[in-house]
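Analysis of the macromolecular model
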Amino acid sequence: MLNFTFKNQTEILFGKGQISEVPARLPANAKVLFLYGGGSIKKNGIYDQVVNALKDAEVFEFSGVEPNPSYETLIKAVDVARTNEVNFILAVGGGSVIDGAKFVAAAHNFDGEPWDILAKGATFENPLPIGAVLTLPATGSESNGNSVVTKKETSQKLAFASETVQPQFALLDPEFTFSLPPRQISNGAVDAFVHVIEQYLTYPVNAPLQDRFAEGILQTLIVEGPKALENPEDYDVRANVMWSATMALNGLIGKGVPQDWATHMIGHELTAIYGLDHAQTLAIVLPSLMKVQAESKKEKIAQLGQRVFGLAGAGGVGSEHIIDDTIQAVVNFFEDMGVETKMSDYDLNGDSTEVAIDKLIANLEKNGMTAIGEHGDIDPAKARKILELSV
Ligand code: NZQ
Ligand code: ZN
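All values reported here derive from a predicted model rather than from experimental measurement.

1. Section: the overall build of the chain
Of regular secondary structure, the chain possesses 14 helices and eight strands. Taking 391 residues into account, the globule formula puts the C-alpha radius of gyration at 21 Å, and the chain, at 20 Å, falls close to it. With respect to the principal axes defined by its C-alpha atoms, the chain has extents near 65 × 45 × 45 Å. Taken across its 391 residues, the chain has 50% of its residues classed as buried. Long-range pairs, those at least 24 residues apart, make up 77% of the contacts in the chain between residues at least 6 apart in sequence.

2. Things to note about the confidence of the model for the chain
Chain-level pLDDT for the chain is 97 on average; 98% of the residues reach the 70-or-more range. The ipTM, which scores confidence in the relative placement of chains, is 0.99 for this predicted complex, and the corresponding pTM is 0.97.

3. Describing the site of ligand 1
Around ligand 1 sit 33 residues, and of these G37, S40, P67, G94 and G95 come closest. At the level of secondary structure, the elements contributing two or more residues to the shell around ligand 1 comprise α4 (95-108), β6 (146-151) and α6 (182-200). Looking at the shell around ligand 1, its residues break down into eight nonpolar, 23 polar and two charged. Two domains share the shell around ligand 1, each providing at least three of its residues, namely domain 1 (11-176) and domain 2 (182-388).

4. Comments concerning unusual backbone geometry
Excluding glycine, most residues fall at negative phi; most peptide bonds, likewise, are trans. The backbone of E85 sits at a positive phi, close to 45 degrees, despite the residue not being glycine. Within the fold, E85 resides in the loop between α3 (71-83) and β4 (88-93). The exposure class of E85 is exposed, given the 10 C-beta atoms found within 10 Å. Positive phi values are uncommon outside glycine, yet S155 reaches one of about 50 degrees. Turning to its location among the elements, S155 is positioned in the loop between β6 and β7 (156-161).

5. Thoughts on the UniProt feature "domain: Alcohol dehydrogenase iron-type/glycerol dehydrogenase GldA" (unreviewed entry) in the chain
Under the present numbering, the feature "domain: Alcohol dehydrogenase iron-type/glycerol dehydrogenase GldA" (unreviewed entry) in UniProt falls on residues 10-174. Structurally, residues 10-174 comprises 26% helix and 25% strand, and the distance from its first C-alpha atom to its last is 18 Å.

6. Overview of the sheet that holds β4
Pairing is parallel across the open sheet formed by six strands, whose spatial order is β1-β8-β5-β4-β2-β3. Strands with a single pairing partner mark the edges of an open sheet, and in this sheet they are β1 (11-14) and β3 (58-62). Neighbour-to-neighbour, the strand axes of this sheet turn through a mean angle of 20 degrees, independent of strand direction. Taken together, the four bridges between strand β5 (residues 130-134) and strand β8 (residues 169-172) define a ladder with parallel strand orientation. Paired with V133 across the strands is L171, a residue of β8. Lying on the sheet, α3 is in contact with β2 (31-36) and β3; it crosses β2 at an angle near 165 degrees.

7. Let's talk about the nonpolar core
Ranked by internal contacts, the top residues of the largest apolar core, which has 118 residues, are L35, I89, V92 and V104. Two domains each put at least three residues into this core: domain 1 (11-176) and domain 2 (182-388).

8. Quick notes on α3
Helix length check: α3, at 13 residues, gives a terminal C-alpha distance of 18 Å against a target of 18 Å (1.5 Å per residue), a fit within 8%. For α3, the set of buried residues is Y71, L74, A77, V78 and A81. Buried residues along α3 cover an arc of 115 degrees about the axis, so they all sit on one side. Trailing α3 by a residue or two, E85 shows a phi angle of about 45 degrees, which is positive.

The rules behind the values
- Residues numbered from 1 in each chain as written.
- Chains lettered and ligands numbered in written order.
- Predicted model: local features only at pLDDT ≥ 70, side-chain atom pairs only at ≥ 80, totals over all residues.
- Helix = DSSP H or I, 4+ residues; strand = E, 2+ residues; numbered from the N terminus.
- Rg over C-alpha atoms; globule rule 2.2 N^0.38 Å.
- Buried ≥ 20, exposed ≤ 12 C-beta atoms within 10 Å, placed from the backbone.
- Contact = placed C-beta atoms within 7 Å.
- pLDDT = per-residue confidence, 0-100.
- Near = placed C-beta within 6 Å.
- Nonpolar A, V, L, I, M, F, W, Y, C, P; charged D, E, K, R; others polar.
- Domains from an automatic or database assignment.
- UniProt positions renumbered as here; feature names shortened; annotations may be inferred.
- Pairing = 2+ DSSP bridges.
- Axes fitted to C-alpha atoms, helices over the stretch in contact; angles between N-to-C directions.
- Core = buried A, V, L, I, M, F, W, Y, C linked by C-beta atoms within 7 Å.
- Expected span 1.5 Å × (residues − 1).
- Arc of directions from axis to C-beta.

Listed below in structure tokens is the structure:
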């Protein structure tokens, strides 16, 4: 096992009615930036519950944070936060709103162009504290320090990470997910699944506990994900999906093990250029990445097939079919969740897949993503090969 340090500062408030715990966690003399998305919270009643929880605070609302939040929108929220001298951000929504809150928090006291935090890794000080009310189980953003922001002007989707912008608390009420459209439940299960894969499907370092944690989350998503589509108001199913998505990317399972993240990095370019949903991009890239990287990942692919998909009986770890069978099982899971796995299944703004691949590779190079994966061996030529298998 590799060396590591581990701390997760986010207090999880899990379950029905837990919004009653939020007021006690706001700062004294709270001046709150209440950040949310395109308005789903007004239709499902979450907005009213949040307003009630904030009734003793001075509140400044900022709505309209879009999926794949843009720098162009968030910089306006930075202005609202600065002008009104807020001392707390309450992010209410999915990963986009929570990631957006982290950018606003980091930019708040940053002296300079805040995009440099993402583009140049500029350091920032005294970020605003954040609380999160999660409405979409998927990204794990509610209890990690990662933020992904898109600059529309340059078609760049970049990330920064700092534990200083990690939410202080996260409210996870499964009932808040009942109103999700099927596409977002599908996206959430696929995204969480791939988060686990990025931290699991590398090479063995004798870390059996991390492996078992990861396999437990994957199996839970495989069983509960389809049920969440079938029975949208089954509280227990939603609770299990929600907790799985949080555990998939709260830092725990990735400690002491190598991590990949190449599927995410290639996928981000598909969103930056063509606006595909984040999870759709992952479903396109991962199966082909597994094929191209099969040699260096073979032990863990076989372990995934055997332990998670129960494929041992169909060939065994040593069998020559286990790699192909495991990749097919991953594809089947994505398709069972209703997420298509080929570029040609999606609208690429009229571009052919050949043109699209050229643009995607050019963007990867522009963003310095030229040595990705757990061995840093996915260069633009390999990334091209992966995409060519994904058409
Ligand atoms: O904008 P509103 O009206 O809220 O609608 C949203 C949005 O249209 C809707 N929605 C959310 N909760 C709902 C709901 N609709 C009905 N009922 C509810 N309860 O769902 C749509 C998608 O929301 P979004 O926040 O964009 O989805 P998600 O949580 O999948 O977040 C995706 C973003 O997170 C980034 C992605 O790149 C993408 O930008 N990621 C962040 C990560 C992190 N911070 O660690 C890791 C991930 O790998 C990912 O990159
Ligand atoms: Zn993701």
